[in-house]
Amino acid sequence: MNRSIKSLYLALVAGFGVLILMLGYWQVIAAGGLDERADNPYHFEKQRLVDRGRIISADKVVLAESIAYRQKGNRYYRRYYPQGALAAQVVGYATPQQGSTGLEQQYNQYLAGSYGAGAILDKLRAEQKVGADIRLTLDTRVQKTAEALIARSRGAVVVIDPRTGQVLALASSPTFDLNQVASDFATIRKRSGAPLVNRATQGRYPPGSTFKVVTATAALNSGKWNPSSIFNDTGKYVVDGQTIRNDGGTKFGVHNFTDALTFSINTAFAQVGKRLGPSRLGGEMTKFGFGRPVEIDLPSDEVAVSGRYRNGKLLSNTQRDEDAARIAIGQENLLVTPLQMAMVAGAVANGGRMQRPYLVKRVITKDGVVVKQQNPETLDSVSSAYVSSEVARMMQNVVREGTGTKAGLSGLSVAGKTGTAETGDPNRNQAWFIGFAPADNPKVAVAVVIEDTSGTGGQVAAPIAGAVMRTALSATPVQGEPQP
Amino acid sequence: MRLRTREMYFLVPGLLLGILGLAAAASARTDTLQVGPWQTSLGVAMVFVVMHAVLRLRAPFSDPYLVPIMAALTGIGLAELYRIDPALAGEQALWMTLGGIVFCAIIVFLPDHRVLERYRYVIGLTAVGLLVATMVFGTTVNGSRLWISVGGSQRVQLGELAKVLVVIFLAGYLREKREVLAIPTERRFGMNLPAFRHMAPILLFWGLALVVVVALNDFGTALLFFGVFLAMLYLATGRALYVGLGMGMFVAGSLFIWATVPRIAVRVGSWLNPFGDAQGNGYQMVQSLYALADGGLVGPGFGRALLVTPGGTPRIPELQTDFIFSAVADDLGFVGSVGVMLLFILFMARGFAIATAARDGFSKLLAGGLTAVVGLQAFIIIGGIVRLVPLTGVTLPFMSYGGSSVVVNFGIVAILLIISQRSRQGLIDAVHGAPAT
């Protein structure tokens, strides 16, 4: 019987061998994939153990930090947002229950300290992970001004430095208190106006006449027009049997191209669009970045694509048999984000070179080691420096004597373009302003949109743009370290 | 070195493992250095010291390794229970005290296990009676009918006791029939088989195992009983063909039940694809897999994994019983969980060594069967956790929370040690002459 005893023993040992192999599969080989699964509670639970890095603005204000506390003997970290609702959609949240958004999501691996080879060593040593801080380009002084100015409406403000692409402000209204996400998310969700949506990057609005900046650049790029080209406005322009009129039915008579932008004359731009044709105008749109996602350092599902939509689906920029005359004046299913329009203004301001927008300047450990540094990056050239300076001069005229005078700043030259997208209900216009300052040496570019207003872009959006640009231009760099 | 001295040398580190584990789990709770529940540690250590002392007096020649192995396994289990809920560890320590009393009682009052052979049919009938009683009067807990309520909230798992009685019965029965079963007399289906009247008990057992699956809704218990039966049949006859046939029949029967009983089909479905219903039937399995993945290669240490929510609820339902191994795997990682499996392999090595050293058929079968029952039970529940077999509700011997399981497993070790003592005592008597009785 001793032989069978030995065989039985060996059979059982072999069985345990199989168990060990399978256990190794689950604990070592498949572990990574299991950890990443969305319904894995450990994934989020482990986040509570991490001393997440801080999110610090360009002017050294702490927007997010982790605070240690004890529960049942375990040390956990709670996320705290000292500025509450400030830049809420940009900063985002990171909670076990609601997941994560904004920069909290985009830079999670840095904030949570799981980057580089150190992460694996930490796991082996079972050491506590410490996240790195992220330093923003965003300036809370500009952000606060922007948020205050749009607080009582729905809308968005985007402020960028056109020379670098650094985002100085990204405001969206209505907003929410980031500290409330963990405690009372249901209330935030129930609130009207979708406060969780980042209108600056996700809001898709008809651009109205602000799109004429794109058309003007395209016109000058084509060489067929210059700022002095003469048009004759009869108050209407018929294309494919449909009549395009000017705002308020005004007749402008004989005027030049600069006047056309200054007073936002639809008939002139419709003619330009018709002559450029859909493929040429579409090609210019592509150079401005329409039709593809903006490469900004935010989660891709929080950035909408600007372009032409039909039934919710994005169309190609250069689709044939399209009504280029209406596209030229910002109609024909065009939907754009405020971020995209700020980039349009920024490209004109920066001598025709469009810079990639970014929010995080650098990632830096608590010991001061720079983990990641973001340098300015040129995306595309929309026009020659000469053409952009011509367009800039035309836009300067808009603020000096045209529809955008309310964006004017004393002692400074401002360039811009207004837009008023009408919806049929006179109380539900979308008011736009895009522009930059100082016009001769641009340091700041802006896009403002206000939803559901009875006013026009010149009345409602332009003054906000002016005030925000003034704040941005007067904001001096802050030295030293952030105050906790 | 004398055997009991050797036992003591191994018992000290075995006990220290549990005591330090408890201290580590307690320290993890507060993030400061703690001694842990010293009353529990001291109490359990005392139980093992008393067991050691009784062995010194009554079974000095018995195997010196089993008790230290048992101490290590129960110690790790106790530390894991403490980290799940300190109250569980306190209760488990009481069960271990009761287990120790049963252990000592067996050592003292059962000087010769061979008397059991005489009562094999009574014991066999008792086992059947216990199982039938469970089927009839059983309380359904977590979908399985394995418990009998004995007043208040106390429940007894009669199946745990029944499994030992079945092993005793089989040891006696197979010792009696091993010759006729081992020698084939008829040729059927191209195989050499023994006469049908000798085969009948096998078929009866097969049928019974399947009835248990359906009636108790517990695949694990059925697999354990049937597996132990096949293992002992193999020990008795040395014929692997029976094992193959038996396993084939069991699989065929299970497939038939799977195809016909919808409730079982659901369980099999959640075994094959737990992620398909991760919030429903697959929940337990999926949470356990997440725990395994979380443990990784080395794990964070006793009490440091996130097995329990801040509110105090274990993330895996039945963590303290069926899933205690997942807790070990999470806290101690792959390295620690392999360590536990190696302890079970060591346990089997000693148990089968006792069987090999035993000098009569009944003792060999009894020791082999008891060892196989512990090894198989560990294999089945760990196999369920790694998804080798469908998830089952059997306990992990020595580690899972539960009085019935603890007491019965302590009893099993006691019987193994008695067998070991008898065979070596016999050897000594043969050399030096039997003492006058």
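Residues numbered from 1 in each chain as written. Chains lettered and ligands numbered in written order. Predicted model: local features only at pLDDT ≥ 70, side-chain atom pairs only at ≥ 80, totals over all residues.

**What about the interface of chain B and chain A?**
- Taken together, the contact pairs 45 residues of chain B with 37 residues of chain A.
- Broken down by secondary-structure element, the contributors of at least two residues to the side of chain B that touches chain A are α1 (3-30), α9 (219-237), α12 (283-295), α13 (324-357) and α14 (361-385) of chain B.
- Residues that form the side of chain B that touches chain A fall into these classes: 28 nonpolar, 12 polar and 5 charged. (Contact = placed C-beta atoms within 7 Å. Helix = DSSP H or I, 4+ residues; strand = E, 2+ residues; numbered from the N terminus. Nonpolar A, V, L, I, M, F, W, Y, C, P; charged D, E, K, R; others polar.)

**What about the packing of helix α7 (residues 158-182) of chain B against α14 of chain B?**
Residues and elements named next belong to chain B.
- Interaxial distance between α7 and α14 falls to 9 Å at its minimum, and their mutual angle equals 145°. Judged by the sense of rotation from one axis to the other, the crossing of α7 with α14 is right-handed. Between α7 and α14, the residues in contact are Lys-163, Val-167, Ile-168, Leu-170, Ala-171, Gly-172, Leu-174, Arg-175 and Arg-178 and Gly-361, Phe-362, Leu-365, Leu-366, Gly-369, Leu-370 and Val-373, respectively.
- Of the residues belonging to the contact of α7 with α14, the class tally is 10 nonpolar, 3 polar and 3 charged. (Axes fitted to C-alpha atoms, helices over the stretch in contact; angles between N-to-C directions. Left-handed = near helix turned anticlockwise from the far one by under 90°.)

**Quick notes on the sheet that holds strand β8 (residues 167-173) of chain A**
Residue and element names in this part refer to chain A.
- Strand order in this open sheet of 5 strands is β8-β7-β22-β21-β20, and the pairing throughout is antiparallel. Each having just a single partner strand, β8 and β20 (415-421) make up the two edges of the open sheet. Pairwise comparison of adjacent strand axes, ignoring direction, gives a mean angle of 5° for this sheet.
- In terms of strand pairing, strand β7 (residues 155-160) meets strand β22 (residues 444-453) through 6 bridges, oriented antiparallel. Bridged to Val-157 within β22 is Val-448. (Pairing = 2+ DSSP bridges.)

**Side note on unusual backbone geometry**
All names here are of chain A.
- Geometrically, the link from Ser-173 to Pro-174 is a cis peptide bond, its omega value of 0° lying close to zero.
- Take Pro-174: it is sitting in the loop between β8 and α9 (178-183).
- With an omega of -20°, the peptide bond running from Ala-437 to Pro-438 counts as cis.
- Phi at Lys-60 takes a positive value of approximately 65°, unusual for a residue other than glycine.
- Along the chain, the position of Lys-60 falls in the loop between β1 (55-56) and β2 (62-71).

**A closer look at the nonpolar core**
- Grouped together as the largest cluster of nonpolar side chains are 148 residues, with contacts concentrated most on Val-167, Val-228, Met-232, Val-413 and Leu-416 of chain B.
- Sorting elements by how many residues they give to this core places α13 of chain B first, with 16 residues.
- Setting aside its immediate chain neighbours within four residues, Leu-416 of chain B contacts Leu-66, Gly-351, Ile-354, Ala-367 and Leu-370 of chain B.
- Listed in part, the 131 residues of the second largest apolar core include Ala-156, Val-303, Val-449 and Ala-465 of chain A. (Core = buried A, V, L, I, M, F, W, Y, C linked by C-beta atoms within 7 Å. Buried ≥ 20, exposed ≤ 12 C-beta atoms within 10 Å, placed from the backbone.)

**Here's the deal with the sheet that holds strand β14 (residues 313-314) of chain A**
Residues and elements named next belong to chain A.
- Strand order in the open sheet formed by 3 strands is β14-β13-β15, with antiparallel pairing between adjacent strands. In the strand order of this sheet, the two ends are held by β14 and β15 (334-335), each with one partner.
- When strand β13 (residues 307-310) meets β15, the two strands line up antiparallel, connected through 2 bridges. Considered in β15, the bridge of Gly-307 is made with Leu-335.

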